[in-house]
Amino acid sequence: MQLPSFYQCDKLFERVFSQQKPLLSACVLSYKQNETVKKAIEALLHQGNCGYEIVIMDDASDAATCQDMVGYLNTISSSDAVRIAYYTAHENCDILRNRWRAMNQAQGEWFVNVDGDDLPMKDRMPRLASLVKTLSEDVVLVATNGLLWDGSEQLPELKPDSKTVLGRVGDGRCQVSLSDYDDILSRTPVGGCGFVARRNLFERFKAIDMPYRIKGEDVVMAKRALLIGKVLIDYSCYYYYFTNPQSACGSGCYNKRWIQDRIDRCKILAKDLASISPDGKLSPEWEGKIRRERRKQELDYKLIDCSIIVWPYYWLQLCLISRDEGVRTLKRRVKEIIRWKRHD
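The rules behind the values
- Residues numbered from 1 in each chain as written.
- Predicted model: local features only at pLDDT ≥ 70, side-chain atom pairs only at ≥ 80, totals over all residues.
- Heavy atoms only, no water.
- Helix = DSSP H or I, 4+ residues; strand = E, 2+ residues; numbered from the N terminus.
- Contact = heavy atoms within 4.5 Å.
- Buried < 20%, exposed > 50% of the residue type's maximum accessible area, 1.4 Å probe, protein only.
- Polar contact = N/O pair within 3.5 Å; in protein donor to acceptor, adjacent residues only side chain to side chain.
- 1 Å grid on protein atoms, 1.4 Å probe; cavity = no way out; pocket = protein on both sides within 12 Å on 5 of 7 lines; lining within 4 Å.
- Points joined across faces, edges and corners; volume = space filled by probe spheres on them.
- Nonpolar A, V, L, I, M, F, W, Y, C, P; charged D, E, K, R; others polar.
- Core = buried A, V, L, I, M, F, W, Y, C linked by side-chain atoms within 4.5 Å.
- Axes fitted to C-alpha atoms, helices over the stretch in contact; angles between N-to-C directions.
- Parallel < 35°, antiparallel > 145°, perpendicular 65-115°, else oblique.
- Left-handed = near helix turned anticlockwise from the far one by under 90°.
- Salt bridge = Lys/Arg side-chain N within 4 Å of Asp/Glu carboxyl O.

## A closer look at the overall build of the chain
Per the secondary structure count, the chain includes ten helices and ten strands. Excluding contacts between residues fewer than 6 apart, the proportion of contacts in the chain whose partners are at least 24 apart in sequence is 82%.

The following block contains the structure:
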């Protein structure tokens, strides 16, 4: 099978502590953030004999960053992990491609997402090992919860009013399938940094190339899972989630780049659907749905900063496709006008 070029990487370090086949692969993503990555690795080193490995995938950082990480890894003399491996990519991509790149080098049956600025809880791996052993074969993705963290030395405590990635706190779980959604283009469970993916989810879609620099990678992964199986949402917390408000992707910013990402996700969905179809082609029904969604996003893209003269023309076209989307767009436009007036 010919894989896309973004999978190409070099192995810079590997140490095997046991010949046991790992059940879990902690896929640690890194890019010029060695200090936080080292903390994540340290939290993973001694989590009991539950059959896990640590795979660190660097998204083409500079040579000095890679050398520093190799030097640090060489100081690790013992670990409960079966294996620790460190790779660096040939090209800098984005978080979605880097995740799949890490999974391609992992040996476990389940892939545990570990972002470079997040911190795994001390019992994350044994709890996950116990959980995945109880799951039926049709569950291909687990969305786990995490506590929001400000990056300080003082870690947040789990309380009834704690702020979490998925909202609700506790041990509650719910299972969702494609039939739970009127349309696969609707909202799906998000929180990619807490995803635990089964190997067959990766194997099914690994050969599909993806747009460069796409955001919303958690939505792509969740929708892929819903195409071939079920998603389990676990509201108990397994990690500390650190989000930097100064990050390049922002936080829920409604702009052209954000809409372009939604258009790109439609392209991925079309490829995904074709890949699982017996004849390798989209059904007319799905082709119409995706064409409609792409057209809706393209009109939304034009409506952001077009002149007031042509704005009604694009808006009426959008209303013909989706009345609800037209109402939301109109409300956004009114809010923008109010802000401009106040600013003037």
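## Comments concerning the side chain of asparagine 34
When you line up the elements, asparagine 34 lands in helix H1 (residues 34-45). Residue class for asparagine 34 comes out buried when judged on its relative accessible area of 8%. Side-chain polar atoms of asparagine 34 contact the backbone oxygen of threonine 65, separated by 2.8 Å. For asparagine 34, the residues in contact, after removing those within four places along its chain, are Thr65, Asp68 and Met69.

## Describing the environment of glutamate 287
Counting through the fold element by element, glutamate 287 comes out in helix H8 (residues 284-303). Residue glutamate 287 is classed as partly exposed on the basis of its relative accessible area of 39%. Taking the C-alpha atoms as reference points, glutamate 287 and alanine 270, separated by 17 residues in sequence, lie 7.6 Å from one another.

## A closer look at empty space enclosed by the protein
Enumeration over the complete set of coordinates arrives at two cavities of 30 Å³ or more. Looking at the second largest cavity, its volume works out to about 30 Å³. Across the lining of the second largest cavity, the residue classes tally to two nonpolar, one polar and three charged.

## With respect to the environment of phenylalanine 6
Secondary-structure assignment places phenylalanine 6 in the segment before strand S1 (9-16). Once you skip the residues sitting within four places of it in the chain, phenylalanine 6 turns out to touch Glu91, Cys93, Arg97, Arg101, Asp209 and Met210.

## Quick notes on the nonpolar core
Within soluble globular proteins, side chains that are nonpolar tend to cluster in buried spots. Ranked by internal contacts, the top residues of the largest apolar core, which has 43 residues, are Trp100, Met103, Leu141, Leu201 and Met221. Among the elements that take part in this core, helix H6 (residues 217-228) stands out by supplying six residues, more than any other. Excluding residues within four positions of it along the chain, methionine 221 makes contact with Trp100, Met103, Asn113, Leu141, Phe195, Ala197 and Leu201. Within the second largest apolar cluster, 38 residues are counted, among which are Ile54, Met125, Val196 and Tyr239.

## Notes on the packing of H8 against helix H9 (residues 311-321)
Between H8 and H9, the least distance of the axes is 10 Å, while the angle of their chain directions is 155°. When the axis of H8 is compared with that of H9, the two are roughly antiparallel. For the crossing formed where H8 meets H9, the hand is left-handed. Along its contact with H8, which presents Arg292, Arg295, Lys296, Leu299, Lys302 and Leu303, the element H9 presents Trp311, Tyr314, Trp315, Gln317, Leu318 and Ile321. Taken together, the residues of the contact of H8 with H9 sort by class into seven nonpolar, one polar and four charged.

## Let's talk about the pattern of salt bridges
For the coordinates displayed, the defined rule picks out 20 salt bridges. Of the charged contacts, one joins lysine 38 and aspartate 68 as a salt bridge, the two residues approaching to 3.0 Å between their closest N and O atoms. Of this pair, lysine 38 sits in helix H1 while aspartate 68 is found in helix H2 (residues 63-73), placing the two residues 30 residues apart along the sequence. Its relative accessible area of 35% is what places aspartate 68 among the partly exposed residues. Note that glutamate 293 and lysine 296 form a salt bridge whose closest N and O atoms lie 3.1 Å from each other. Within this pair, glutamate 293 and its partner lysine 296 are both found in helix H8, separated by three residues, close to a single helical turn. The exposure classification of glutamate 293 matches that of lysine 296, with both residues buried. Because the salt bridges share partners, they merge into one network encompassing Lys11, Glu14, Glu53 and Arg83.

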